[in-house]
Structures are given as C-alpha cells and as structure tokens.
Amino acid sequence: MHQNDFSFEITQKIPHQLGRAGIIHTPHGDIQTPAFMCVGTRGQVPFLPMEDLHRIGGQAMLSNGYHLRKTSYEIANQGGLAQWSGWHGPALTDSGGFQVMSLGSGSGKVVNMDTHKPLENTPMEKRLAKVSEAGVEFEDYLTGDMDFIGPEESMQIQCRIGADIHMAFDELTSLADSYDYNVEAMHRTERWAQRSLDEHQKHCMDLGYYQALYGCIQGGRWEDLRRSTSKKLGSMDFDGYGLGGAFQKSDLGNILRWCNEELPENKPKHLLGLSHPDDILIGAEQGADTFDCVAPAREARHGRIYTHHGFYHLNLQHPHDLLEKGCDCPTCQAGYTQGELREMQKSEDKAIRYEYFRLATMHNLRFIIRLTEEIRAAILDGHFEWYKNAFLKEYRQ
C-alpha cells in the first residue's frame, strides 16, 4: 500500500469541454486518468494472469460485489481483495445494481444501447428479482436459493472485499421502463444512496485503509431526471460518482453532459460498462475519468479482434498477418499470426484454446488501454479534438 487515503487531482482540462486528465490517488496506488479498468468480475480477468495484466498496462481492476458476496468473508480474512486476488493495484467493486436489473427486468445481461426495436420487460410473475424499499430479493441463478441485498448488505459485502473504490447500491432501469417508473426508481436510488453512505461510514476502515464510495447516477434518458438526481447526489458526501443507466447510444454525450454539469467538478467520475472507442472518446470529452466493460475480453474469446481500422472476426483470409500491424500488445510483439491464433482457437486441446483466450484477450484489452493512454496524452498536450477526429476517421474506415 502506498498511502491510506483517497483523493483526486485534475492535471489538465479540455478547452471548452468537461473532460480532463487527472490522477486518482488510492491506498493501492495511483490511476492516471482517463483510464480503462479491466473487468475481473470474480477477482480475476478471465484467462489473464496478473503479470499479463501488468504487461498490457492495466492500472486498475473492477470486480463485482454481487458475484463475490459469498466469498467476501474469505477475502476479508486474507486482508482484502489485493491479497486474495494477487492484484496489488487499485481496484473498484460494483454494487450489483446491474445484476438486479438483468435478473428483474429480464432485458439481458448486456444493455443494448443500439436497439431501435420495442423492448418489453419480463412479466412481474416471472422475474428472478423483486425490488422493494428495503432492497432486492432475488433467486440465485446458480443454486435456486433466495437471497437479499439492500444498501446495507451491499456496503458490508464491498467493505469485506476491500477494493479502493465502491459503488453505492442503486436500481438500474431498463430501456423498456417508463418515465414514471424511472422517477420512482431514481428516488428510491437516492434514498438508497443515503443509506449506503451511512452504512459505508461504519465499515470503510475495517481492513485498515480507507475505502472510497461513489454515488451512482441514474435517471434514464431524461434531462430533468438526470440533472435533478445529479444535484442531489452531488450535494452528498461521496468520494466520486458512477455514471450508469440504460439509454440509446446517441444520447450518451448529452446524458454525460447533463450529469457532469451538475456534479462537483473536483470529484472523479466512472462511466459504467462502456468500451467502444467512440463511447470512450465521448465519455472523456464529457468528463468521465475511468471506464470499464467486459466486451473487449469477451469478444476476444469469440474471435472478434480490435484494430485502429475497426474490428474483424478472426479467419484465414490473412493467415500470415499479425492481429494488427504496429500493435504493441505482447501477442503481436511475440509475432503470433492470425492463422496461428485461428488454429489455436479451433483446437480440440483445451490447454491450447486457453492459450488462445489469453493471447487474444491481451490484444483487445491492450487496444482499449492504449486508447485511454493516447487520450490522456492528447489532453495533456492540448490537442484532444485533433486526436479524436483523426482516430475516428481511421477507425470508421
């Protein structure tokens, strides 16, 4: 551990925009922002040893309190997530609000921001999660047992896990939910925010170092809701803020602007669950400091490869080419070709397939991490707008 406190400093701002470069100081080290947090839902990025996470420039890992809730006592007994997982850098845990939505509304495990089709929530009698003022009662999809998480339980779980940053318990609505329901859920999230703060204060030093708490901003796609809840949570004693919710991709920039114009400028903001390059560029421009998403690693395992010219699906059209010419990831630097990786992906040998998963995951995650590094450098050098336009021109070709 490097220190025992949490703070944020702004190093440089984007002229005439909300975006900035900065440094988040945590007990387990600093995060140079903007930054992408690799997702290790259960305390481990799938198929990626911790030394590889360091090799690709990973600064921080995001894990999930929902998935680690039953392991949280074991983690606490070992001194916290760093000792238990072997990742000794900064870490963040999510509260489980996203899982509540996917279990409850049944809109799926991935929020589809690009959909133009009408969506319908799962009928109430078929939902695996039931929301009340107390919290959420849900059916464990692995065991079939009933369980419960409210703001107090979520804070206790996260404080046992011991990441540097926690998220307040919130209710994430779906694209199918009405304005009136979003009002109801938003006010419930605001009440849960205060309960989260109160409980977190009791346990934030339980493992011997300060664990920070972010408030979660909801409000769907509506400006009046986003601004009002941002003002309310912005007046509360949070260390930073998570920017969440289900909305159309085209609304992202406006929603972030509405929120960040109302939230305190001097506190860090985390954009939850997005990793497409254009989303990260919009997020950085509109004041998001950190990002996370499972997509780069998940899509790598299915053969979807990220490049500066967009993505492609791994095939044998260019068997002797690297995944991307000029890429600095360990996979490309080691000289692995598309043909070699395709054969590994299709191998009947489990160990060989696992090695493919590792190599492809390193490539995709390094691509997104490098993007945030370049965005930070562009902000510090004063040419973010030029960088954004040049990157997107090449990427969209």
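The model shown is predicted, which means the values in this text are computed figures rather than measured ones.

All right, on to the packing of helix 8 (residues 223-234) against helix 9 (residues 252-262) then. Where helix 8 meets helix 9, the closest approach of the two axes is 8 Å, and the angle between their N-to-C directions is 30 degrees. In terms of axis orientation, helix 8 runs roughly parallel to helix 9. The two elements helix 8 and helix 9 cross, and the hand of that crossing is right-handed. Contacts between helix 8 and helix 9 involve Glu-223, Arg-226, Arg-227, Ser-230 and Lys-231 from the first element and Ile-255, Arg-257, Trp-258, Cys-259, Glu-261 and Glu-262 from the second. Considered class by class, the residues forming the contact of helix 8 with helix 9 number three nonpolar, one polar and seven charged.

All right, on to the nonpolar core then. The biggest cluster of nonpolar side chains holds 80 residues, and the ones touching the most others in it are Phe-36, Leu-53, Phe-238, Leu-271, Ile-375 and Phe-391. Considering each element in turn, this core owes the most residues, 13 residues, to helix 14 (residues 350-381). Apart from the residues within four sequence positions on either side, Phe-391 is in contact with Pro-277, Leu-281, His-308, Phe-367 and Leu-371.

This part takes up the sheet that holds strand 2 (residues 20-26). One open sheet holds the three strands; their spatial order is 1-2-3, and the pairing between them is antiparallel. At either margin of the open sheet sits one strand with a lone partner, and together these are strand 1 (7-13) and strand 3 (29-33). Neighbour-to-neighbour, the strand axes of this sheet turn through a mean angle of 15 degrees, independent of strand direction. Judged from the six bridges that link them, strand 1 and strand 2 form a sheet pairing that is antiparallel. Pairing of Ser-7 across the sheet is with His-25, part of strand 2.

Time to look at the packing of helix 7 (residues 179-203) against helix 8. With their axes 11 Å apart at the nearest point, helix 7 and helix 8 run at an angle of 10 degrees to one another. When the interaxial angle is binned, helix 7 and helix 8 end up roughly parallel. Counting all contacts with helix 7, which are made through Tyr-179, Asn-182, Val-183, Met-186, Glu-190 and Ala-193, the residues of helix 8 involved are Asp-224, Leu-225, Ser-228, Thr-229, Lys-232 and Leu-233. Across the contact of helix 7 with helix 8, the residue classes tally to six nonpolar, three polar and three charged.

Further remarks concern helix 15 (residues 384-396). A rise of 1.5 Å per residue sets the reference length of helix 15, with its 13 residues, at 18 Å; its end C-alpha atoms lie 18 Å apart and thus fit the reference within 8%. Buried residues of helix 15: Phe-384, Tyr-387, Lys-388, Phe-391, Leu-392 and Tyr-395, and no others. Down the axis of helix 15, the buried side of the element spans an arc of 120 degrees, and every buried residue falls inside it. For helix 15, exposure combined with an orientation more than 90 degrees from the buried face picks out Trp-386 and Lys-393. Tucked into the core, helix 15 has its buried residues touching helix 10 (277-285), strand 15 (304-307), strand 16 (310-313) and helix 14.

Here we come to the pairing of strand 3. Judged from the five bridges that link them, strand 2 and strand 3 form a sheet pairing that is antiparallel. Looking across to strand 3, one finds that Ile-23 is bridged to Gln-32. In sequence, strand 2 turns back onto strand 3 through a hairpin of two residues.

Turning our attention to the environment of Pro-34. Topologically, Pro-34 is positioned in the loop between strand 3 and strand 4 (35-39). Note: C-alpha distance between Pro-34 and Ile-24 (ten residues apart in sequence) is 9.8 Å. In this view, Pro-34 contacts Arg-20, Ala-21, Ala-284, Asp-289, Phe-291, Thr-372, Ile-375, Arg-376 and Ile-379; residues no more than four positions away in its chain are not counted.

Structurally, the position occupied by Asp-164 is in the loop between helix 6 (151-161) and strand 10 (165-167). We note that Asp-164 is buried and unpaired, the nearest opposite charge coming from Arg-376 at a distance of 17 Å. Polar contacts involving the side chain of Asp-164 include one to the main-chain amide nitrogen of Ala-91, which spans 3.0 Å. Excluding residues that lie within four positions of it along the chain, Asp-164 makes contacts with Thr-26, Pro-27, His-28, Gly-89, Pro-90, Ala-91, Tyr-210, Gln-211 and Ala-212.

To continue, consider the pattern of salt bridges. Scanning all chains against the criterion turns up 24 salt bridges. Here Lys-13 and Glu-265 are joined by a salt bridge, their closest N and O atoms 3.0 Å apart. Placement of the pair is Lys-13 in strand 1 and Glu-265 in the loop between helix 9 and strand 13 (269-271), with a sequence separation of 252 residues. The partner of Glu-299 in a salt bridge is Arg-304, with the nearest N and O atoms 3.0 Å apart. Judged by its relative accessible area of 17%, Glu-299 is buried. Within this structure, Glu-223, Arg-227, Arg-257, Glu-261 and Glu-262 form a network of salt bridges that share partners.

Our focus in this paragraph is helix 10. Where burial is concerned, most of helix 10 is hidden: eight out of the nine residues are buried. Within the sequence span of helix 10, burial applies to Pro-277, Asp-278, Asp-279, Ile-280, Leu-281, Gly-283, Ala-284 and Glu-285. Among the residues trailing helix 10, Gly-287 stands out with phi positive, at a value near 100 degrees.

One pass over the full model with this rule turns up 13 aromatic pairs. Taking 6.0 Å as the distance between ring centres and 40 degrees as the angle between the ring planes, the aromatic pair formed by Tyr-354 and Phe-357 counts as tilted. A residue pair is termed a helical-turn pair when its members lie 3 or 4 positions apart in one helix, as Tyr-354 and Phe-357 do in helix 14 at three residues. Look at Phe-357 and you get buried, because its relative accessible area is 16%. Site record: aromatic cluster; members linked through ring pairs are Tyr-306, Phe-367, Tyr-387, Phe-391 and Tyr-395. One residue, Arg-69, lies across the ring of Tyr-66, its end atom 4.7 Å from the ring centre. Taking the ring centre of Tyr-73 as reference, the NZ or CZ of Arg-160 above it sits at 3.9 Å.

Basis of the calculations
Residues numbered from 1 in each chain as written. Predicted model: local features only at pLDDT ≥ 70, side-chain atom pairs only at ≥ 80, totals over all residues. Heavy atoms only, no water. Axes fitted to C-alpha atoms, helices over the stretch in contact; angles between N-to-C directions. Helix = DSSP H or I, 4+ residues; strand = E, 2+ residues; numbered from the N terminus. Parallel < 35°, antiparallel > 145°, perpendicular 65-115°, else oblique. Left-handed = near helix turned anticlockwise from the far one by under 90°. Contact = heavy atoms within 4.5 Å. Nonpolar A, V, L, I, M, F, W, Y, C, P; charged D, E, K, R; others polar. Core = buried A, V, L, I, M, F, W, Y, C linked by side-chain atoms within 4.5 Å. Buried < 20%, exposed > 50% of the residue type's maximum accessible area, 1.4 Å probe, protein only. Pairing = 2+ DSSP bridges. Expected span 1.5 Å × (residues − 1). Arc of directions from axis to C-beta. Lys, Arg positive; Asp, Glu negative; His and termini not counted. Salt bridge = Lys/Arg side-chain N within 4 Å of Asp/Glu carboxyl O. Polar contact = N/O pair within 3.5 Å; in protein donor to acceptor, adjacent residues only side chain to side chain. Phe/Tyr/Trp six-rings, centres within 6.5 Å; stacked < 30°, edge-to-face > 60°. Lys NZ or Arg CZ within 6 Å of the ring centre and 35° of its normal.

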